[in-house]
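Now for the letters of each chain:
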Amino acid sequence: DAMSNTSTPVFPSATTMDILFSREQIAERVAAIGAQISTDYAGQSVVLIGVLKGAAIFLADLARAITVDNTFDFVAVSSYGRARVSSGAVKLIKDIDNPIEGKHVILVEDILDTGLTLSYLRGLMLQHKPASLKIATCLDKPERRLVPIEADYTAFSIPNRFVIGYGMDYAEVYRNLADIRLFPEEVAGH
Ligand code: XMP
Ligand code: MG
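Residues numbered from 1 in each chain as written. Chains lettered and ligands numbered in written order. Predicted model: local features only at pLDDT ≥ 70, side-chain atom pairs only at ≥ 80, totals over all residues.

(A) Representation of helix α1 (residues 23-40). Under the 1.5 Å per step criterion, the end-to-end length of α1 is 25 Å for 18 residues, consistent within 8% with the ideal 26 Å. Those residues of α1 not exposed but buried are Ile26, Val30, Ile33, Gly34 and Ile37. Along the axis of α1, the buried residues cluster in a sector spanning 105 degrees; they form a single face. Those residues of α1 that are exposed and angled more than 90 degrees off the buried face are Glu24 and Thr39. Buried positions along α1 lie against β1 (19-21), α2 (56-65), β6 (132-140), β7 (153-157) and β9 (180-182). (Helix = DSSP H or I, 4+ residues; strand = E, 2+ residues; numbered from the N terminus. Expected span 1.5 Å × (residues − 1). Buried ≥ 20, exposed ≤ 12 C-beta atoms within 10 Å, placed from the backbone. Arc of directions from axis to C-beta. Contact = placed C-beta atoms within 7 Å.)

(B) Representation of the environment of Phe11. You can see Phe11 is positioned in the segment before β1. Along the sequence, Phe11 and Val187 sit 176 residues apart, while their C-alpha atoms lie 8.4 Å from each other.

(C) The environment of Leu121, seen in detail. Relative to the elements of secondary structure, Leu121 occurs in helix α3 (residues 116-126). With 20 C-beta atoms packed within 10 Å, Leu121 lands in the buried category. For the pair Leu121 and Leu92, spaced 29 residues apart in the sequence, the C-alpha separation amounts to 8.5 Å. Ignoring anything within four residues of it in the chain, the contact list for Leu121 reads Val51, Val75, Val77 and Leu107.

(D) Structural context of the pairing of strand β2 (residues 46-52). Summarising burial for β2: six of the seven residues are buried, a large majority. Judged from the seven bridges that link them, β2 and strand β3 (residues 70-79) form a sheet pairing that is parallel. Its bridge partner being in β3, Leu48 is matched across the sheet by Phe72. Across five bridges, β2 lies against strand β5 (residues 104-112) in parallel orientation. Among the inter-strand pairings, Leu48 is bridged to a residue of β5, identified as Ile106. (Pairing = 2+ DSSP bridges.)

(E) Quick look at the nonpolar core. Ranked by size, the top nonpolar core spans 44 residues in total, and within it Leu48, Phe58, Leu62, Leu107, Val108 and Tyr166 carry the most contacts. Broken down by secondary-structure element, the contributors of at least two residues to this core are β1, α1, β2, α2, β5, α3, β6 and β8 (163-164). For this core, the leading source of residues is β5, giving six residues. (Core = buried A, V, L, I, M, F, W, Y, C linked by C-beta atoms within 7 Å.)

(F) Examining α3 more closely. Within α3 the residues assigned to the buried category are Thr117, Leu118, Tyr120 and Leu121. Viewed end-on, α3 has its buried residues packed into an arc of 160 degrees, placing them on one side of the element. Exposed and facing more than 90 degrees away from the buried side of α3 are Gly123 and Leu126. Where α3 is buried, its residues touch β2, β3, β4 (90-94), β5 and β6.

As structure tokens, this is what we get:
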């Protein structure tokens, strides 16, 4: 009937989901990464390039935790197939606004999963001839890697579980949550 539509996603209340990392735990790791980056780039300036939309919140916090001069920009990519899973084909939807030639660049991602997105973006950014290029990710799912790529700065490594919050979504919902939570497998796997 009209009330049951199998293609309509279910959005359980976030309060029913277990917290994987609390806002305090996230803040502690972001502060540590910000301090590390500030040491590594002492006396220099850095351009943070966030991958929309998932990395927006991590980037906002990270940019403020870095004490060396920094500016930021964003790129957006789409992967074909189901939105939740990277299918392998990555397409650039939005490019950087400002040139990065000769600059120290850090790509900022929410999750390093199969590695396909960051491999693609790294190749693309290297064509712009930055002085250096590193990767910062909030989460890493090393088990899921399909191509060899590692982050230079990682807040947390996690097992192969679907997570939401702190910029990460399920069908665009839950990005605004301050904690990172485990999304129920029975809903994620439908
Ligand atoms: P790769 O290309 O490394 O893609 O496979 C990483 C992208 O996959 C998305 N992703 C997730 N998004 N919860 C999410 O909200 C998750 O558990 C998750 N695992 C992967 C994410 O968009 C990331 O940028
Ligand atoms: Mg993403």
